[in-house]
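Reading the structure
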Amino acid sequence: MARGGKAFKAVAKGMAVVASAAAVIERRRRAAMAADFHETLHPVDPDAAPAVRPLPGPREAAVPAAAAVVAAGPSGPPAAAVPVAAPPAAAAPAPAAVPAAPLPPHGHFGRPATPAEAVPWGLRVAAESTWRLLLLGAALYVVFYIVDMLRLVAFAVLASLLISALLEPTVSWLRRHGVPRSLAAGGVFMSGLAGIGLVGWFVVWQVTTNLETVTSKVKAGVDQLRDWLITGPLHLTEQQITDFANQITKAISTNSEQITSASITGAQIAVEVLTAVLLAFFTTFFLLYDGERIWNWALRGLPRHSRYAMAGAGPKAWATLTAYVRGTVCVAFIDAVCIGVGIQLLGVPMALPLAVIIFLGAFVPLVGALVTGTVAVLIALVTTTPWTALMVLVVLIAVQQIEGHVLQPLILGRAVRVHPLGVVLGVAAGSIIGGIGGAIVAVPLIAVTNTVVTHLRRRNEAGQAVFTALEAAREAATRPPAP
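This write-up is about the structure you can find in this document. (Residues numbered from 1 in each chain as written. Predicted model: local features only at pLDDT ≥ 70, side-chain atom pairs only at ≥ 80, totals over all residues. Heavy atoms only, no water.)

1. Considerations on the overall build of the protein chain
The cut-off we apply is this: Secondary structure follows DSSP: runs of H or I at least 4 residues long count as helices, runs of E at least 2 residues long count as strands, and numbering of each begins at the N terminus. Three labels apply to residues, based on accessible area from a 1.4 Å probe with only protein chains included: buried if under 20% of the type maximum, exposed if over 50%, partly exposed otherwise in between. Contact criterion: two residues are considered in contact whenever any of their non-hydrogen atoms come within 4.5 Å of each other. Accessible surface area values rest on a Shrake-Rupley calculation with a 1.4 Å probe, where residue burial reflects the displayed protein chains alone.
A count of helices and strands for the protein chain gives 13 helices and two strands. With 483 residues in all, the protein chain has 22% of them scored as buried. Look at the contacts in the protein chain between residues 6 or more apart in sequence, and 71% of them connect residues 24 or more apart. When the accessible surface of the protein chain is totalled, it reaches about 32600 Å², and 71% of it is carbon and sulfur.

Take a look at the structure:
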């Protein structure tokens, strides 16, 4: 963590230097552009006398020749020079006074006033976009770093938001029918907590009840695998199998310290998970009891010009999250029932606990039920025949295809407008960043962000349309009537 903090400080200092340098360059560029624009509008100083360069008129050029002709007479050279009066000034137009073109500040024509103007426009846009993207990337890095430091609190809050989105419609229905707020929130919260406890007790009960049967079948499966290794195409001997088992035992004894540290780490993780669960329950109750006041308090922390926009985007985001959670629960229930019935018909033991595990895994869209369903495949492989395990895998793939092509578009298609590719990439990125918790919250986060951005974009477009209509009406009102 210390090395990570030093690296973060170094990155932050570097990005601050880059930001300050970019700001200085931007100010100088804007000042140069403003100076060039002023010189374009006022090329000559009005207080200074312009340099005038008179141009000779056509009559002035022709006067000496005319005088020579008159003096010469009809023939022969003149005896004396006869002066010829020049035409009056009123008879000829005044010579045009053309001001001399001012030199640019750098003293060369055809050269840009500043070096920034010599850079092609596309390259300038790319450079400015790049340093803005670098600043945005630095900000996102800081946000993710803070979330990683407070991942316990972050996951607890996100889990409480998902649970609250599932239970809040029931609380609202009870309050509309005259139930007090505290009683409605407390009753729904305790009912949800009891439901979660019953599901956990059912899974533990089924596993402990069938544990002896599954253990005996696993031993029989291991013996069958040993016989196949000896009599099968590999033709291994008893001594080779024994040596392989001894190597596994030696590796376990050699790495006992790593296993012990892993067990200690597992204990720490268990404590953190228990703390996050308690924090999530506590946060869920207050979101159900006082969620509206919490939202209003969060709005007061925003700038004044952003409150109205976010006040409209918040309910839409909450509606999207509620629809996503309810639809996901429905899809997960259908997946668990179909897969559970299939493995029960195939004779795989512990069908009901496996169905519950698949139900929990189906909260990760598209891939969760398939990943957790591999547990059923492994149990079928060690307790039954390979053919049964293959049939369980076929059931899993068939249910996943039905989920992706039928259930997801029908149940979640209208509420969550996210492309399947975005869902898969979001789940992958969330699992890399935050593990299982990140994979669960990635898709609802993408859906809510998409809803908020769409609402803000439409609001800006509507505001621009209203502004254009008002400007047109004002111009029509100030326009003089036609004769």
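Still to come is the rest of the account.
2. Some points on a positive patch on the surface
To keep things clear, this is the line we draw: To count toward a patch, a residue needs a relative accessible area over 30% and no salt bridge; like charges are then connected within 9 Å, while nonpolar side chains (Val, Leu, Ile, Met, Phe, Trp, Tyr) are connected within 5 Å. Each salt bridge in this description consists of a side-chain nitrogen of Lys or Arg and a carboxyl oxygen of Asp or Glu lying within 4 Å of one another. A residue counts as positive if it is Lys or Arg and as negative if it is Asp or Glu; His and the chain ends are not included. Charged side chains are reduced to one point each, which is NZ for Lys, CZ for Arg, CG for Asp and CD for Glu.
On the surface, K316, R417, R457 and R458 cluster together into a patch of positive charge. Relative to the assigned elements, R458 resides in helix α13 (residues 420–478). Note on R458: relative accessible area 59%, which makes it exposed.

3. Observations concerning helix α9 (residues 304–345)
Short version of the rule: Expected helix span is taken as 1.5 Å per residue step, with the number of steps being one fewer than the number of residues. Note on bend: the value at a residue is the angle between axes fitted to the seven residues ending there and to the seven starting there.
Between its first and last C-alpha, α9 extends 62 Å over 42 residues, near the 62 Å set by a 1.5 Å rise per residue. Along α9, the largest kink reaches about 30 degrees and is centred on M310. G347 occupies a position one or two residues after α9 and carries a positive phi of about 85 degrees.

4. Here's the deal with the packing of aromatic side chains
Quick note on the threshold: Think of it this way: a Phe, Tyr or Trp ring, Trp meaning its six-membered ring, pairs with another when their centres are within 6.5 Å, and the plane angle makes it stacked under 30 degrees, edge-to-face over 60, tilted otherwise.
Counted according to the given criterion, the structure contains eight aromatic pairs. Considering the side-chain rings of W201 and W205, the 5.7 Å spacing of their centres and the 0 degrees angle between planes classify their relative orientation as stacked. Residue W201 and its partner W205 are both found in helix α6 (residues 181–231); the two are separated by four residues, about one turn of the helix. The class for W205 is partly exposed, based on a relative accessible area of 40%. Aromatic rings pair up to connect F189, F281, F282, F285, F286 and Y289 into one cluster.

5. Here we look at the packing of α9 against helix α12 (residues 386–412)
The following threshold applies: Angles here are taken between N-to-C directions and fall from 0 to 180 degrees, while the axes themselves are lines fitted to C-alpha atoms, restricted in helices to the stretch in contact. Every angle not falling under 35 degrees, over 145, or within 65 to 115 is termed oblique; those three ranges are roughly parallel, roughly antiparallel and roughly perpendicular. Left-handed describes a crossing whose near helix is turned anticlockwise from the far helix by less than a right angle; the clockwise case is right-handed. In this count, Pro and Cys sit with the nonpolar residues alongside Ala, Val, Leu, Ile, Met, Phe, Trp and Tyr, while Asp, Glu, Lys and Arg are called charged and the others, Gly among them, polar.
Closest axis-to-axis distance for the α9/α12 pair is 10 Å, and the angle between their directions is 155 degrees. When the axes of α9 and α12 are compared, the pair comes out roughly antiparallel. Crossing geometry of α9 relative to α12 is assigned as right-handed. Where α9 approaches α12, its residues A323, Y324, G327, T328, C330, V331, I334, D335, C338, I339 and I343 are matched on the opposing element by V392, V395, L396, V399, Q400, E403, L407, Q408, I411 and L412. Residues of the contact of α9 with α12, tallied by class, amount to 15 nonpolar, four polar and two charged.

6. Focus: the pattern of salt bridges
With the rule as written, the count across this model stands at four salt bridges. Its salt-bridge partner being R132, residue E128 comes within 3.5 Å of it at the nearest N-O pair. With a gap of four residues between them, E128 and R132 both fall in helix α4 (residues 121–149), about one helical turn apart. Given a relative accessible area of 21%, E128 falls into the partly exposed group. When the shortest N-O distance is used, the salt bridge between D290 and R181 registers 3.7 Å. Of this pair, D290 sits in helix α8 (residues 256–300) while R181 is found in helix α6, placing the two residues 109 residues apart along the sequence.

7. Brief notes about the nonpolar core
Note on soluble globular proteins: their nonpolar side chains tend to be buried together. Definition in use: Within this scheme, the nonpolar core is defined by two criteria: the residues are buried Ala, Val, Leu, Ile, Met, Phe, Trp, Tyr or Cys, and they are joined through side-chain atoms within 4.5 Å.
Formed by 18 residues in total, the largest nonpolar core has its most connected members in I339, I343, V348, L354 and V392. Listing elements by their share of this core, those giving two or more residues are α9, α10 (351–361), α11 (368–383) and α12. Per-element accounting of this core gives the leading share, five residues, to α11. Residues within four places of I343 in sequence aside, it is in contact with V348, A351, L354, A376 and V392. If you look at the next biggest cluster of nonpolar residues, it comprises 13 residues, including L162, V325, V427 and A439.

8. A few points about the environment of V147
Topologically, V147 is positioned in helix α4. Overall, V147 belongs to the partly exposed group, its relative accessible area being 38%. A C-alpha to C-alpha distance of 9.8 Å links V147 and G434, two positions 287 residues apart in sequence.

9. So, a nonpolar patch on the surface
There is a patch of nonpolar side chains on the surface, built from I146, M149, L150, L152, V153, V157 and L279 and spanning about 540 Å² of accessible area. Those elements giving two or more residues to the nonpolar patch turn out to be α4 and α5 (151–176). The leading source of residues in the nonpolar patch is α5, at three residues. Along the chain, L150 falls in the loop between α4 and α5. On the basis of relative accessible area, L150 is assigned to the partly exposed category, the value being 47%.

10. Concerning the packing of α9 against α13
Where α9 meets α13, the closest approach of the two axes is 9 Å, and the angle between their N-to-C directions is 145 degrees. As α9 packs across α13, the resulting crossing turns out to be right-handed. Packed against α9, whose contacting residues are Y308, A309, G312, A313, K316, A317, T320, L321 and Y324, the element α13 presents I440, V443, P444, A447, V448, T451, V452, H455, L456 and R459 at the interface. Classifying every residue of the contact of α9 with α13 by side-chain character gives 13 nonpolar, four polar and two charged.

Any functional reading would require information beyond the geometric quantities listed.
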